[in-house]
Amino acid sequence: MHQKLLALGLCLLVFAAAGAAAQDTPGAAPQDGERSFNLRHTSLEEQQAAQVAEEVQQVEYEPIIDERTLEASVTLGFWLLDKTLLQHDNIIYKYTDEDTYFGDVAIKGQSAFNPQVRLNYNLFPWFSLEPVFGVSVSEYTATVGRPRSLSNQAVGGGDVSLEDVEGIGEYDAENRSIITLSTGLNAVFYPHDYGNFAKGRWHPYVQGGFTRTWLSINSDYTGDSASAWDLNGGGGIRLVADRLISIRFEVLFHHMTVDFVPKESFRVLDEGETRIPVYEYIEGIGPREVSDYTSQTLNTMSWALGFTANF
């Protein structure tokens, strides 16, 4: 009996010692939560050092367009001058030895080839000033409405009624050339490079400015070229190929007022001895020289494609 009790006591001591050893064994799961394991082959300190090095290697975005640089651009495009440039009612459109012909004359332009040269100075990667020099060449067509005629014996005399004309001749209405010269200054804003919030080589931009434009039409009705302030604004996109070359495309809207001065002589005959003024016919008064034309407001648009070189 004593031997059985002794053996039972020894067994209880062995089980108690095994339980205590199991509780002190490293790697055992805690009783109050889950345990996480780091399966990487490097230590925690080495991993933190690698993360810091990776952050240091990340360079902030640097704009492709450099500040304080000078650029030159050449663009080719078209200016839609398909607007009425001059209009006057009951004005001379033809002169013969017997009669003077009057009608409602309107001169309308066409689309003009418009090359330009620009010198860009980039104050910032997102803003530049752009002096502009341009020329345009096109044609215009004149229309004559309500054609009527008056005997030359009445010119300079009393009031004589006009006689209706069935139609005008093939070359009675003008169809000649228009030339414009422009110089001005534009401001260009690149939102793509403002605040470093975007990356890439495609740079959209908006621009606006003003130019002084001289418009000359080869007409018997106008004397000197008309000068006007052209206010323009629009936008475009610029593809920066590298630090030296860019390609640009833009669309601009123009607003200007044109006011031509009447020519001193509509026709000069007899080797300069006879001058035919630009006459208009006033009901109740008769023919008289035109003193002024009504100004014309032009709202037009243009587009251009070109290259930009960085110096």
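Residue numbers restart at each chain and count upward from 1, following the sequence in its written direction. Since the coordinates come from a predicted model, pLDDT governs what is reported: local features require at least 70, and pairs of side-chain atoms require 80 or more to be given and counted, while whole-chain, interface and lining totals use all residues. For the side-chain quantities, the full set of heavy atoms in the structure was used; hydrogens and water were omitted.

### Here's the deal with the overall build of the protein chain
Reasoning step 1: Across its full length, the protein chain carries two helices and 16 strands.
Reasoning step 2: The cut-offs for exposure are 20% and 50% of the maximum accessible area for each residue type, with area from a 1.4 Å probe on protein chains only; residues under the lower value are buried, those over the upper are exposed, and the others partly exposed. Looking at the protein chain as a whole, 35% of its 311 residues qualify as buried.
Reasoning step 3: Here the accessible surface of atoms and residues is derived via Shrake-Rupley with a 1.4 Å probe, and residues count as covered only by protein chains that are part of the display. On the protein chain, roughly 18900 Å² of surface is accessible, and the fraction owed to carbon and sulfur atoms is 57%. Think of it this way: any DSSP run of H or I at least four residues long counts as a helix, any run of E at least two long counts as a strand, and we number them from the N terminus.

### Things to note about the pairing of strand β8 (residues 177–189)
Reasoning step 1: Only one face of β8 is buried: it carries Ile178, Thr180, Ser182, Gly184, Asn186 and Val188, and the other face, with Ser177, Ile179, Leu181, Thr183, Leu185, Ala187 and Phe189, is open.
Reasoning step 2: In this scheme, strands are said to pair when DSSP sees at least two bridges between them. With 13 bridges connecting them, strand β6 (residues 127–151) and β8 associate as antiparallel partners. Directly across from phenylalanine 133, in β8, lies its bridge partner threonine 183.

### Regarding the nonpolar core
Reasoning step 1: One finds Ile91, Ile92, Ile217, Tyr221, Phe260, Val278 and Tyr293 to be the most contacted residues of the largest nonpolar core, which totals 34 residues.
Reasoning step 2: Of all elements in the fold, only β2 (84–95), β3 (99–109), β6, β9 (202–217), β10 (226–240), β11 (245–258) and β14 (279–282) reach the threshold of two or more residues within this core.
Reasoning step 3: Non-local contacts of tyrosine 221, meaning those with residues more than four positions away in its chain, are made with Ile91, Ile92, Tyr93, Val105, Ile107, Glu174, Val261, Pro262, Lys263, Phe266, Val278 and Tyr293. For this analysis, a nonpolar core means a set of buried residues of the types Ala, Val, Leu, Ile, Met, Phe, Trp, Tyr and Cys, connected via side-chain atoms within 4.5 Å. Whether two residues are in contact is decided by their heavy atoms: any pair within 4.5 Å suffices.

### Things to note about unusual backbone geometry
Reasoning step 1: Even without glycine at this site, asparagine 90 takes up a positive phi of about 50 degrees.
Reasoning step 2: Mapped onto the elements of the fold, asparagine 90 is located in strand β2.
Reasoning step 3: Located in the positive-phi region is arginine 146, a residue other than glycine, with phi close to 50 degrees.
Reasoning step 4: Here arginine 146 shows up in strand β6.
Reasoning step 5: Using a relative accessible area of 48% as the deciding quantity, one classes arginine 146 as partly exposed.

### What about the pattern of salt bridges?
Reasoning step 1: The rule for a salt bridge is simple: a side-chain nitrogen of Lys or Arg has to be within 4 Å of a carboxyl oxygen of Asp or Glu. The final tally for this structure, using the stated rule, is 13 salt bridges.
Reasoning step 2: The salt bridge involving aspartate 172 is made with lysine 94; its shortest N-O contact spans 3.8 Å. With aspartate 172 in the loop between β7 (163–164) and β8 and lysine 94 in strand β2, this pair connects stretches of sequence that are 78 residues apart.
Reasoning step 3: Its salt-bridge partner being glutamate 174, residue arginine 176 comes within 3.6 Å of it at the nearest N-O pair.
Reasoning step 4: Exposure remark for glutamate 174: the relative accessible area of 7% places this residue in the buried category.

### Here we look at the packing of aromatic side chains
Reasoning step 1: We call Phe, Tyr and Trp rings a pair once their centres come within 6.5 Å, taking the six-membered ring for Trp, and we label the pair stacked below 30 degrees between planes, edge-to-face above 60, and tilted otherwise. Per the counting criterion, the structure on display carries 11 aromatic pairs.
Reasoning step 2: Here the aromatic rings of phenylalanine 249 and tryptophan 303 are separated by 6.3 Å at their centres, their planes lie at 40 degrees, and the arrangement is tilted. A residue pair is termed long-range when its members are at least 10 positions apart, and phenylalanine 249 in strand β11 and tryptophan 303 in strand β16 (residues 296–310) qualify at 54 residues.
Reasoning step 3: For a lysine, the NZ atom is tested; for an arginine, the CZ atom; a charge sits over a ring if that atom is within 6 Å of the ring centre and within 35 degrees of the ring normal. Lying over the aromatic face of phenylalanine 124, arginine 68 brings its terminal NZ or CZ to 5.6 Å of the ring centre.
Reasoning step 4: Lysine 94 extends its terminal NZ or CZ atom over the ring of tyrosine 101, reaching a point 5.2 Å from the ring centre.

### Some points on a nonpolar patch on the surface
Reasoning step 1: Residues enter patches when they are more than 30% accessible in relative terms and free of salt bridges; like-charged ones are connected within 9 Å and nonpolar ones (Val, Leu, Ile, Met, Phe, Trp, Tyr) within 5 Å. On the surface, a nonpolar cluster with roughly 1100 Å² of combined accessible area is contributed by Leu76, Phe78, Phe113, Trp202, Ile237, Leu244, Ile245, Ile247, Phe249, Trp303, Leu305 and Phe307.
Reasoning step 2: Looking at the nonpolar patch, the elements that each hand over two or more residues are β1 (69–80), β11 and β16.
Reasoning step 3: Mapped onto the elements of the fold, isoleucine 247 is located in strand β11.
Reasoning step 4: Residue isoleucine 247 is classed as partly exposed on the basis of its relative accessible area of 36%.

### Details of the confidence of the model for the protein chain
Reasoning step 1: By definition, pLDDT measures how confident the predictor is in each residue, and it falls between 0 and 100. Here the protein chain averages 84 in pLDDT, while 77% of its residues score no lower than 70.
Reasoning step 2: Across the protein chain, element-level confidence peaks in strand β4 (residues 111–113) with a mean pLDDT of 97 and bottoms out in helix α1 (residues 2–23) with 55.
Reasoning step 3: pLDDT under 50 marks residues 25–30. Its contacts with residues more than four places away, or in other chains, come to one contact.

### A few points about a negative patch on the surface
Reasoning step 1: On the surface, a cluster of negative charge is made up of Asp97, Glu98, Asp270, Glu271 and Glu273.
Reasoning step 2: As for its position among the elements, aspartate 97 is in the loop between β2 and β3.
Reasoning step 3: A relative accessible area of 67% means that aspartate 97 is categorised as exposed. When charges are tallied, Lys and Arg are placed among the positive residues and Asp and Glu among the negative ones, while His and the ends of the chain are skipped. Just so you know, the charge point we use is NZ for Lys, CZ for Arg, CG for Asp and CD for Glu.

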